[in-house]
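Per-entry structural report
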Amino acid sequence: MYDYQFLKRLIPFMNIWLFSFAVVAPLGLAGMLLVLLRTRRLNLLTLVIVSCNLSLLPFAVLGRLRMGMIPMLVIFAAWSIREGYRLIIISDKKRLTTAVLILLTTSILVNWPLKFRTAKAAAASYTNLGLIHLQTQNPLKAIDTFYLAVNSDHTYINALDSLLAMQSNPAINSTPKLKAQLNKTFQRVAETVVTAADESMKAGDYIEALNSYNNSLRFKLDNFAAFYGGAEASFQLQEYPRALLYLKKTRELKPNSRKVKQLHAEISKIMKTSNN
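Every chain's residues receive numbers from 1 upward, in the order its sequence appears when written. This being a predicted model, a pLDDT of at least 70 is required before a residue's local features are given, and a value of 80 or more before pairs of side-chain atoms are given or counted; all residues contribute to the totals for chains, interfaces and linings. With hydrogens and water set aside, each side-chain value is computed from the structure's full complement of heavy atoms.

**Observations regarding the overall build of the protein**
Stated formally: For the purposes of this entry, the term helix denotes a DSSP run of H or I that reaches at least four residues, the term strand denotes a run of E that reaches at least two, and both are numbered from the N terminus. Burial classification: accessible surface area is computed with a 1.4 Å probe over protein chains only, and a residue below 20% of its type maximum counts as buried, one above 50% as exposed, and the rest as partly exposed. The contact definition used throughout considers only heavy atoms, calling two residues in contact when any of these lie within 4.5 Å.
Broken down by element type, the protein carries 14 helices and zero strands. Reading the protein from its N terminus to its C terminus gives the helix and strand order α-α-α-α-α-α-α-α-α-α-α-α-α-α. Looking at the protein as a whole, 40% of its 276 residues are labelled buried. Sequence separation of 24 or more characterises 60% of the internal contacts of the protein that already satisfy a separation of 6 or more.

Structure representation (structure tokens):
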């Protein structure tokens, strides 16, 4: 329940940029440092409050328990704004420059790592929300939310497994409309994951691509693009017997495919040469 992304969906004003963690946290951190700089004689209480909060903040953020830190950060963020206003009024350019540099530094420290963890964090949040929808007997919303999780991060295995598990949900199997929606979502997921796998192939990450093609096949067994992509990835990894197994399935789906015949011939030639 302390998941930040999840709570944003429940508390509308948290979606306003001014109240976002990306704004409050840098201002709060800057406020802590400005308190230390402003205080001429540091007392023990000030040092304890600031040092404890600074040491706890990384654990709270990395553990996705940011909400517990928001009340404290808001206080220091307010101080940061007040101090900046005061420095502008008294025209203390030296201290104002220092304050701006501190704020820029804290903004980078807080927001720069977000681009690396946002996708997986969003996928985890959507997955948790989907599980809550299941617990509250709302399978339709659960299907849509699990799809959002996969769309956020196609490698997030919990989202993939949770969506697949819905095949055995009694409420879905007994309702044609829900079953049709689940099948449609499976089709969308298969296409989404194949597209991501193709991007991994272009980037030369053949292991990641192969894993994604296999995940796509979990949602659509007659997926020609996934079988052919698996064959290509296996070929690049020099796993030729596996590549031939994928190609066998592609030939069943599209017997006259020219690119399948070409890849099969190339692999057969390499294996024949290596055997000799």
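From this point, the narrative continues.
**Regarding helix α2 (residues 21-38)**
Heads up, the rule is: Multiplying one less than the number of residues by 1.5 Å gives the expected span of a helix.
Its 18 residues place the ends of α2 25 Å apart at the C-alpha level, agreeing with the 26 Å of an ideal helix rising 1.5 Å per residue. Here α2 lies mainly inside the structure; 13 of its 18 residues are buried.

**Some remarks on the packing of α2 against helix α5 (residues 93-111)**
Note the threshold: In this description, a line fitted to the C-alpha atoms serves as the axis of each element, helices being fitted only across the stretch in contact, and the angle between N-to-C directions of two axes falls anywhere from 0 to 180 degrees. By definition in this entry, angles of less than 35 degrees are roughly parallel, angles greater than 145 are roughly antiparallel, angles of 65 to 115 are roughly perpendicular, and the rest are oblique. The sense of a crossing depends on the near helix, which, turned anticlockwise from the far helix by less than a right angle, makes the crossing left-handed and, turned clockwise, makes it right-handed. As a working rule, the residues Ala, Val, Leu, Ile, Met, Phe, Trp, Tyr, Cys and Pro are called nonpolar, Asp, Glu, Lys and Arg charged, and the rest polar, with Gly in that last group.
Remark: α2 packs on α5, axes separated minimally by 8 Å, with the N-to-C direction vectors making an angle of 135°. Taken together, the axis directions place α2 and α5 in an arrangement best described as oblique. Our pair here, α2 against α5, has a crossing hand that is right-handed. Judged by residue contacts, F21, A22, A25, P26, L27, L29, A30, L33, L34 and L37 of α2 engage T98, A99, I102, L103, T106, S107, V110 and N111 from α5. Per-class residue counts for the contact of α2 with α5 are 14 nonpolar, four polar and no charged.

**Quick notes on helix α13 (residues 240-253)**
Rule in force here: The arc in question is traced by the directions running from the helix axis to the C-beta atoms.
Its 14 residues give α13 an end-to-end C-alpha distance of 20 Å, which sits within 8% of 20 Å, the value for a rise of 1.5 Å per residue. Those residues of α13 not exposed but buried are Y240, A243, Y246, L247 and T250. Mapping the buried residues of α13 onto a view down its axis gives an arc of 115°, with all of them on the same face. Turned more than 90 degrees away from the buried face of α13 sit P241, L245 and K248, all of them exposed.

**What about the pattern of salt bridges?**
Note the cut-off: Here a salt bridge means any side-chain nitrogen of Lys or Arg lying within 4 Å of a carboxyl oxygen belonging to Asp or Glu.
Throughout the structure, instances matching the rule amount to six salt bridges. Among the salt bridges present, the one from K202 reaches E199, with a minimum N-O distance of 3.9 Å. Within this pair, K202 and its partner E199 are both found in helix α10 (residues 176-202), separated by three residues, close to a single helical turn. Given the relative accessible area of 68%, K202 is considered exposed. The salt bridge involving E239 is made with R242; its shortest N-O contact spans 3.0 Å.

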